[in-house]
Structure formats: structure tokens, C-alpha cells
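# Structural overview for review
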Amino acid sequence: MIDGLLSGLALVFQPWAFFLCVLGTVLGITVGAIPGLTGAMLIALTLPLTYYMAPTEAVVLLIAMYVGAVTGGLITATLLRMPGTPSNVMTTFDGYPMARAGRPGRALGLGISASFIGGLVSWVFLFLLAKPLSIWATRFGPFEYFTLILMAMVLIASVSQGSLVKGLIAGLLGMLASMPGVDPSAGQPRLTFDWYMLNGGLKLLPVLIGVFAVSQIINDILELGKRVERIEASSRGLLMSLRDWLRHALNMLRSSLIGTFVGILPGVGASIGSVIAYTVAKNVSKTPDAFGKGSESGIVASEAANNATVGGALIPLIAMGIPGSVIDAILIGALMIHSIQPGPTLFLTNGDVVWAMIAACLVANFVMLLVMTGSVGWVARLATIPRQFLLPVIIVFCVVGSFGLDNTMFDVWVMLVFGLIGFALERARYPLGPFVIGFVLAPLMEEKLRSGLMMTAGSITPIFTRPVALVFLIAAVALLTWSLVSEWRQRQATQQTGKSH
Amino acid sequence: MSPSVDRRTDIGVALGLIVICAAIIIETLDLPPGTFEPLGSAPVPRTTATIIILLCGLVIARAARRPASAGGNTGESGNAGEEGDEPANGYGHALVTVLLTLAYAAAIHMRLSTFAVLTTLYLVATIGWLTGFRPRLLPAIAVTALVVGFGCQYIFTRIFVVDLPGLQ
Amino acid sequence: MKPSMRLIRSIATAVAGVTALTLAHAGALAAWPEKPVKIIVPFKAGGTSDQVSRAFQMAIQDNELLPQPATIVNVGGHFSIGSRQVMEAEPDGYTFLTVHIALMGGQAGGMFDFGYRDFAPVAATGQFCVLPMVRKDSGIDSVDQLLEKAAAEPDTLIFGANLGAINHLAGVMLQNTEPGAKFRFVQIGGGTANFTALTGAQTNATVLSAAEVLNFTRMPDGSENPESQIKPLAYTGPERVGKLPEIPTLKELGRDMEFCIDSWWFAPKDTPQEAIDGMADALEKASATDAIKAFYDSKVFAPLFLRGEALQESLDATWAAIEPVAIQASQK
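Residues numbered from 1 in each chain as written. Chains lettered and ligands numbered in written order. Predicted model: local features only at pLDDT ≥ 70, side-chain atom pairs only at ≥ 80, totals over all residues.

## Quick word on the overall build of chain A
What counts, and what does not: Secondary structure counts use DSSP, requiring at least four H or I residues in a row for a helix and at least two E residues in a row for a strand, with both numbered from the N terminus. With the radius of gyration taken over C-alpha atoms, the globule rule is written as 2.2 Å times the number of residues to the power 0.38. Around each residue's C-beta, the other C-beta atoms within 10 Å are counted; 20 or more make the residue buried, 12 or fewer make it exposed, and counts in between make it partly exposed. All C-beta atoms are placed from the backbone. For the purpose of contact definition, each residue receives a C-beta atom placed from its backbone, and two residues are in contact when these atoms lie within 7 Å.
Helix and strand content of chain A: 20 helices and two strands. Scaling as 2.2 N^0.38, a compact globule of 501 residues should have a C-alpha radius of gyration of about 23 Å, and chain A matches this with 22 Å. Counting only C-alpha atoms, chain A reaches 70 × 70 × 45 Å along its principal axes. Counting across all 501 residues of chain A, residues that qualify as buried make up 68%. Sequence-distant contacts, at least 24 apart, represent 79% of the contacts inside chain A between residues at least 6 apart.

In C-alpha cells:
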């Protein structure tokens, strides 16, 4: 494994790859720092360009963007009380009050250091777990995959913010949107409404750009008139002293571990990791009242955890071909463009690509630390680019990006339509995360189920007789029951209080 | 959890989803049964669509039961929340941008002109509209539009070979 | 008489010249090509068809075999979409398609309602064939053993395939060489997915291309990879492959089956003959370049080149062989 890592590092440190790594991190931080632009949007828009690169270069660039985007959001979260990406919401609670209290440098410094540690801790797990897990996963048959994906779908729907019913609907809609076209199992065209362009189905990229970028742009335009109070960044207090490190060491480690674990869970990404770590930090804190008013521990917990999900989420992606987060779903798309099928044999068939990914994840964390420390004030100013200019330009990129992948206008129309659908869903409070995960996982789930049925000539008993499949199935059922019951209880409780008023 | 969406949006979106799912169910009816396994191509989309319809029914039932006034601005903070903060012209801006974007895509589709020209026109119109065509900003808008329009055309037809309508 | 004869002759020559010029101009083919030529690849970038097309594009460009650039346009999604785009394109001599046997499989299997006869064939370049694969610990050492087992216990040996695609057709053809033999075909996917499934003992057999076999079972120096758990049994080509010299062909084993995939170049029907010939010339010259030879070598392709009559015969023969198999495959 050390050999693999060294070869990966050698790849990343080649001049062009290293340039891409730095470029990706800087772009990620920049986009992450601009509220309204998210890492998912940046990576979805970059995807068509990676087409023209070697697969190893493509993954280096995309992973660097991923690391940068998760971190960059803390700048605006701290200085403008606007989370640069959804995963920085928890950071606003303490970062902004602290910055207003005259210590913006300190708040940023804590966030940056915690992000770095979170990234490193999860990277260690990525390095240690990915290969053994992938060897274990070669023994997964169709039924194991089917139940694993089922569990992932339930998980993402039940932990996404908002109502469980809407989470489920969003996930199912994503699944449905992936179904037109030649079916993944028998090659039978379906749901094409006799329109041959639909034989190829709706492709991941235009759907993604639509749902994440276009709907977000429409939202941003609605809110153009909002004013925000800005706080100037200062570099005072940016670097932490040894005493600070020691004081926060436990919290950093705990939050990083939480983030890594949440990242490993299929389909759940940075936002949830940060919420859980923040809640745990608050519960074990001796001064829970300080949380939300500028607590140092709050910033550390949120930022360590959201960065830790990056490495964690790459583990199931590499080992099993199951995305650990929304951005990972896009990374799978990037690999598929290069005809690389993520999954258990990835180490064997494309070892160079895997090791480049793992190495890039490590190097990007160091680059991130340097870039963030060096340019925090400058990046903060980017957030003030007038969005009247920015948003239309991004729409142009959305159009070119959707068109460029397959050179057809059909994809541009799909992108625009899904932008409107995404906007409507978000207005009605349907979470978009489950939608995309459903879109990515449904074809795999159906193909695995039907392959399993082909192998057994129509019997589903292996689901109950194969231990791993059974464990996943029980976990899925338990998760669903538990979330249904807890939501029902909550409704009862709110109705009770509603009546007593 | 908390009923933070106004009732009409909730019911409207759910009804829209039901219509889409119904169309999909109808489209699955004439698919042949499976030859290699008992399922075939139809059941998975059909089941998915059916469950969505049932869940949408639940959403509608819940929305209908709560008083109309309970919707609106009680939401927690988030992207879709805080409608009250929006300037009155927010919807106008969004609507015009969407319409201009659709026109832009249609123009590229019909290859009315080169990508550079169409993009420049689109950007001038959209940015101009969003900034209220303030004369002070017009030079900046023109420069942005030209740089992005012709820059993109250069990059995407010369460096990355994309089949955009270009000069030939 | 003489002068008038001369006059008439010169007038005739002039008229003929002008007519020829006008005609040529009307067809805009005085000097095909006058503008860049578009090659549509109906598959994603990176796939085998894409690599073939790009290798030829480079060879044509580097050796200046065409006075105008040739650009590759990948149309993803299902391959029938890009193919249909070319079929319906203006037959002006500037749009070409690269596709392979899947076009016939899809038409015969009833997936779409057009086929190779709806295009003007230009050339066939390069050919690769496949190898039936089993696990090393399966106790099966030859194609005969595999097929005898499939006949003794029909519908139990699990054959990993991408249903309706090349590896499925190859599997059906293979079982047809042994009376009573029957595999249980299971949807697994392309080469990598089948390699994974066979390695993980999810399936009992599959076919892989020669390049995949080298990639998955051999070390870079050509020796056997000890970590690999699968092995090839035979080769479906007309002759043994240089890089896998110990693997016999099916013909040598007494089974009348050949299954190879040529890269076909088509133009829309009614494309002017000048353009078809011009493109075929460029491709033929490109085939002879070192770059293409090196490409064939690295992909374990046989250096086939067909055009004109020979191409038409080869297409018709392939259709005759593949149509019944594709129909059989679509009905299980």
C-alpha cells in the first residue's frame, strides 16, 4: 500500500498534475466562499472539461476542488453570516458572533486549522480502509449490492433536513428520473414516449447542473436585493498557538472521527457530519451556553467534521462504487466518462487512478491550508462581486457544460427543465440531496436486483439467506421504521402543543 | 416537520408530481414482460411512481388539514425561507432571467448565429435587466459580455473541441 | 469540313468543360473536402470506438491525408441516438459515423428500426475478437469441457453479459456450437464488470476482448499475472493472436465460429461518391501509418481494411450470421 501511495504522490507532484491540484483547491475555495455557488456546482461544471485530461489528472483536479469547496465556505460563513456551502451552516452560529466581537482572524484561524486536521484524520482512514474494504467487497453479489443501496436510500431520505415524507419523495423522484431510456438490465427502451432522443435517457450531468446550479441561480436572483453586513477580515490571530492546539485537540479528533464515519455512510455528506459533530460537542461541553454565541469549540467541531467527511465519503466510492456524498456521485460520473467503473476491482484495473485520488486528497489538504492562510482576506472580497454579473455568466457555463459533454442541445433542455423542477421542489421544501443520490443509485439498484433474479431464476431467497445482505436489509427496515416513528411522535407533540395554545 | 411551506405551493407541487407519475405509469403499460427474469422493464418504474403518488397524497392531505394561515413565513432560515425579505421585484427578475435563458437556448438550438454573438447578446440583456440598465454600468456589462462570449467560443471550439455553432 | 469539325470539337470540349465545372460546383465537390469533416462517434469518449476514431483522426491530421481537419463529435447516451443523427444528416459528404456490430444486433433484436442498409458504407478498419473466460479453480480447461457442461446441465452455468450487446451475442453463438448447450445469461455489464463478477465468483463464464485479457490476466511483460483468478479458453478470431500464442482458435478446436468486431465507417445514404472515396482513401492511407500500426498492436487489433465491394460483402455476411443470433438472444 505504501508503494501505491508513493506512486500516487509521484503522479500528483508532476508539474501539470500539481498545478491542477493547486488550481482545483484555489477554485474550490473561491467558489465555496461565494454564497450561492457550491462545490457540487463547480465540480458538475468542470466535469465536461475533464474529458480532455488523462483520468489521473481529472481526479486530481476534482478531488482538490472538493477539498477546497468544503473549506472555502467557512470564510463567508464567518464574515458575512452566509454559509458559502450548505455544510458551513453550523459554522455561522459561532464564527459570525466571534467575528463581530472583533476577533475575525481568530475565528477564521480556528476554522482553517480544524478543517486541516479533519481532512488529515479522514485521509488516514481512507488510506487504511479503502483497499481492505474493496477486497472484502469483491465477494458482494447482486443481492448484497441491492440491499446495501436500499439501506443507503433509506438513510439519505431519513437524515435529510425536513420531513421524511418529502425526503422519500425526493429520493424516489430521483430514481424515477433515471429510468427513461434503455433499461440498465435487459437493454429494453422504456419511458421514451416514442421519442428517440430519450433512448439515451436523462444523463447525470445535465440533471445535476440543472438541479444544483440552475435552481440555485434562480433562488439567488430572487434574493438579489438582500443586504448583508460585512466584516473585514484581519489576519490577527489566524495562526493558532501550541496551547490552542492542545486545548482543542480532543474536540478536533472527536469531530474528525464523527465526520469520517458519517462520510463513509453512503449518501450522507458534509452537512450532516457537521451538524452531528456540533451537537455532540455542545452536549459534552462544560459551557454549552456559549454555543451559538461565539464558542471556539463550535467552530472547531463544525469545520473539522465537514472536512473529515471528504476522506470518509471517498472510501465507499473507491471500495464499492457507491457514492458517499452528492459530490462523490459526480466523481463517479467523472470516472465513467473515462470508462473507469468504480467498484471493488478498481485497485486492480485502475490502480494508478485510485492512488492518484488518495494522494490528491492528502496533498490538497496541505495546499488548502497554505492557500487559506495566505489569501483569506482576498478571498473574502470575492464574495462581494456583484451577483447581477456573476449569475448570468454562470448560466452560460451551465449551457456550455451541458452541451459540451455529448454535443447535443437535448442535454441543454434537460438541464433547464431540471433547473425549474429543482427550483419548484426546493420552494416546496423537498431536499435535493436524496434526489441526486436516488438518480445515481437507482440504475445500479435495479440492475443488481434483476441480475440477482437472473442468477437464481427468479427467487429472492438469497436476500434472507446471505448474511451480509440480510444485515443490510434489517438495517434499512429498522432505519425506516425508526424515522417514521420519531417523525410521527414529533407531529403528535407539535399537535399537542398546538392544541394547548 | 414544521409546516413552513405555504399550502398552495405544497398542494400545487404535489399535484404536479402526481400528474408526471401518472403519465409514467401509463407509459409502462405496453412494455413486454421480462424474458431473463420475472420482473422485466416495467415494474420498477411503475412501483416507484405509485409510491410517489401515495406519498404525494399524504403531503396533500397534511397540507389540506392545516389552516391556510399556518403557511408562509414561519419557516426556519434556509434557501427557500424568509420570503418576506424578498424585494417585490425578485420574482420579476427571476422570471425575466428564465425567459431570456430559454430564448438563448432556443437561439443556439436553431443556430441563429454564432455562439459568441448569441452569448454576448444574452449577457447584455440579462445583466442589463438585473442591474436596471444603469448607464454607469453599461461599459462594464459590454466588456463582460464580449469577453465571456468570444472567450468561451474560442476556448470551446479551439482548445476543447465542442460542436458549438461557430464560424465556419 | 475540317475547320468546322475542329470548331465543333472545340465547342463540344468547351461545353463539356463548363458542364463538368457547373456540375462539380453544384455538388460543391470540385475539391472535397472544402470544410472540416465531422466524425460522429455514437459512444462516450474513452470507449474502444472512440479510441479507434481518435487514432485515425490523429493519423490523418499528422500525415496531412485530408486538406481539411477532421473533428470527432461524441454523442453519448445510447448508440442508436448518434447513429440516427448521422442517418438523418444532410448527405453532403461532411458527416461520417463510426460504429460496430452493435448496430446490427440492435436492429435484429428489435431495439430500433434502422440498420446498416440505411447508410452508405465507407470502410472497415481494424478488428478485434474475444475470448471465452472461466475461473482458474472452475475445473474447466477447454471450450469443449465448458460447453459439454453447459449441455449436461443446461441453464445452470451463469454467463455474465451485457444483455443484447456484443458479449451476449458471442455467448449465444458459442452455445450454439454445441447441441443442447445452454448458458444462463445474467446482466453484468461490460468487460470490467464481468472481470469483477467472474473474479468474485458471481458468474461462471463470460467473454473478454483480447486487450482486456492482457490487461486483466497478464503482467506488463506478457507473463501470467499470479493474482489473476481467471483464464481464457479460446480465441474467436480467424488466427491466433501474437500476444496470446498458446490460446487456440475455435476453428482449430473444430467449432465453426468466428466472432470479431470491425470498426465500420458509414456516411449518410446518398452521400456523393467523391466524398466516400475520399474518406476511404484517407482511412486506407492512415491504416498504413506507423501510428495506426502501433495503435492496433497496443489494442490487440488485427490490421483489417475493407472498402467498396469487399466491404459490402463482409457487411452482408456479418448480417446473415448475426441476425438469427440477435433474434435468439432477445428471446432468451
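## What to know about the overall build of chain B
Helices and strands together make up the secondary structure of chain B, namely five helices and zero strands. Ordered by position from N to C terminus, the α and β elements of chain B give α-α-α-α-α. Burial statistics for chain B: of 168 residues in total, 32% are counted as buried. A fraction of 62% describes how many contacts in chain B between residues 6 or more apart in sequence connect residues 24 or more apart.

## Considerations on the interface of chain C and chain A
The cut-off we apply is this: For this classification, Asp, Glu, Lys and Arg are treated as charged, while Ala, Val, Leu, Ile, Met, Phe, Trp, Tyr, Cys and Pro are nonpolar and the rest, including Gly, are polar.
Taken together, the 28 residues of chain C in the interface contact 33 residues of chain A. At the level of elements, strand S2 (70-74), helix H3 (79-87), strand S6 (184-187) and helix H7 (191-199) of chain C are the ones that each hand at least two residues to the side of chain C that touches chain A. Sort the elements by how many residues they give to the side of chain C that touches chain A and H7(C) lands first, with five residues. When grouped by side-chain class, the residues that make up the side of chain C that touches chain A number eleven nonpolar, 14 polar and three charged.

## Describing the interface of chain A and chain B
Bring the parts together and some accessible area is lost; that lost area is often taken as the interface size. Taken together, the 54 residues of chain A in the interface contact 57 residues of chain B. Listed by contribution, the elements that provide at least two residues to the side of chain A that touches chain B are helix H8 (164-177), helix H9 (204-222), helix H16 (387-406), helix H17 (409-427) and helix H18 (433-455) of chain A. Per-element accounting of the side of chain A that touches chain B gives the leading share, ten residues, to H16(A). Grouping the amino acids of the side of chain A that touches chain B by side-chain chemistry returns 34 nonpolar, ten polar and ten charged.

## Structural notes on helix H2 (residues 43-65) of chain B
Given 3.6 residues per turn, any residue in an α-helix points the same way as the ones three and four places further on. Cut-off, in case you're wondering: The span you would expect from a helix comes to 1.5 Å times its residue count less one.
Helix length check: H2(B), at 23 residues, gives a terminal C-alpha distance of 33 Å against a target of 33 Å (1.5 Å per residue), a fit within 8%. Burial in H2(B) covers these residues: B:Val44, B:Pro45, B:Thr48, B:Ala49, B:Ile52, B:Ile53, B:Leu55, B:Cys56, B:Val59 and B:Ala63. Where the residues of H2(B) are buried, they touch H8 and H18 of chain A together with helix H1 (7-28) of chain B.

## Section: the domain arrangement of chain B
To keep it simple, the criterion reads: Domain start and end points were adopted from an automatic or database domain assignment.
For chain B, the domain assignment lists domain 1 (7-76) and domain 2 (90-159). A separation of 37 Å is found between the C-alpha centroids of domain 1 of chain B and domain 2 of chain B.

## Overview of unusual backbone geometry
Non-glycine residue A:Phe193 carries a positive phi angle of around 50°. If you trace the backbone, A:Phe193 turns up in the loop between strand S2 (189-190) and H9. Overall, A:Phe193 belongs to the exposed group, with 10 C-beta atoms counted inside 10 Å. At B:Phe133, a position not held by glycine, the phi torsion is positive, near 50°. Here B:Phe133 is to be found in the loop between helix H4 (115-130) and helix H5 (138-159).

## Points about helix H9 (residues 273-287) of chain C
All names here are of chain C. Relative to the 21 Å expected for 15 residues at 1.5 Å per residue, H9 spans 21 Å between its end C-alpha atoms, a close match to the ideal helical length. Of all the positions in H9, only Ala-275, Ile-276, Gly-278, Met-279, Ala-280, Ala-282, Leu-283 and Ala-286 are classed as buried. On the buried face of H9, the contacting elements are helix H2 (48-62), strand S3 (95-99), strand S4 (119-135), strand S9 (260-268) and helix H10 (290-299).

## With respect to the environment of C:Glu274
Along the chain, the position of C:Glu274 falls in helix H9. C-alpha separation for the pair C:Glu274 and C:Ala31, spaced 243 residues apart in sequence, amounts to 9.0 Å.

## Overview of the pairing of strand S7 (residues 205-209) of chain C
All names here are of chain C. This is how it is decided: Strand pairing follows a simple DSSP-based rule, namely that at least 2 bridges must link the two strands.
Of all five residues in S7, five are buried, a share of seventy percent or more. On S7, burial covers both faces: Ala-205, Val-207 and Ser-209 on one face and Thr-206 and Leu-208 on the other are all buried. The pairing of S4 with S7 spans five bridges and is antiparallel. Looking across to S7, one finds that Pro-132 is bridged to Val-207.

## Observations regarding the nonpolar core
This is how it is decided: Linking buried Ala, Val, Leu, Ile, Met, Phe, Trp, Tyr and Cys residues through C-beta atoms within 7 Å yields a set, and such a set is a nonpolar core.
Within the largest apolar cluster, 322 residues are counted, with the highest numbers of intra-cluster contacts made by A:Ala44, A:Val60, A:Ile63, A:Met357, A:Ala360, A:Cys361 and B:Ile52. Per element, the largest residue contribution to this core is 19 residues, and it comes from helix H15 (residues 351-382) of chain A.

## Quick word on the packing of helix H4 (residues 55-80) of chain A against helix H12 (residues 296-320) of chain A
Residue and element names in this part refer to chain A. Short version of the rule: Here the axes come from fitting lines to C-alpha atoms, over the contacting stretch only for helices, and the angles between their N-to-C directions go from 0 to 180 degrees. When describing relative orientation, an angle under 35 degrees is termed roughly parallel and one over 145 degrees roughly antiparallel, while 65 to 115 degrees is termed roughly perpendicular and anything else oblique. If you view the pair so one helix is near and one far, a crossing is left-handed when the near helix is turned anticlockwise from the far one by less than a right angle, and right-handed when it is turned clockwise.
Interaxial distance between H4 and H12 falls to 9 Å at its minimum, and their mutual angle equals 165°. The orientation of H4 relative to H12 falls into the category roughly antiparallel. Here H4 runs over H12; the crossing is right-handed. Note on element contacts: H12 touches H4 through Glu-303, Asn-306, Asn-307 and Val-310, opposite Tyr-66, Val-67, Val-70, Thr-71 and Leu-74. When its residues are assigned to classes, the contact of H4 with H12 shows five nonpolar, three polar and one charged.

## A look at the environment of C:Leu233
Residue and element names in this part refer to chain C. With respect to the secondary-structure elements, Leu-233 resides in the loop between strand S8 (230-232) and S9. We classify Leu-233 as buried; it has 23 C-beta atoms within 10 Å. Put simply, Leu-233 and His-100 are 133 residues apart on the chain and 25 Å apart in space, counted from C-alpha to C-alpha. Every residue in contact with Leu-233, bar those within four places of it in the chain, is listed here: Leu-131, Pro-132, Val-134, Ser-142, Val-143 and Leu-146.

## A look at the environment of B:Pro32
Residue and element names in this part refer to chain B. Residue placement: Pro-32 occurs in the loop between H1 and H2. By the C-beta count within 10 Å, which is 12 here, Pro-32 ends up exposed. C-alpha of Pro-32 to C-alpha of Asp-10: the two residues are 22 residues apart in sequence and 36 Å apart in space.

## Re the confidence of the model for chain B
Residue and element names in this part refer to chain B. Applied cut-off: Scored from 0 to 100, pLDDT records how confident the predictor is in each individual residue.
Summarising the model, chain B shows a mean pLDDT of 81, and 80% of its residues fall at 70 or more. For chain B, the element scoring lowest by mean pLDDT is H5, at 87; H4 scores highest, at 94. Segment residues 70-86 is flagged for pLDDT under 50; beyond a separation of four residues in sequence, or across chains, it makes 24 contacts in the model. Among the prediction metrics, the complex's ipTM stands at 0.86, with pTM recorded as 0.80.

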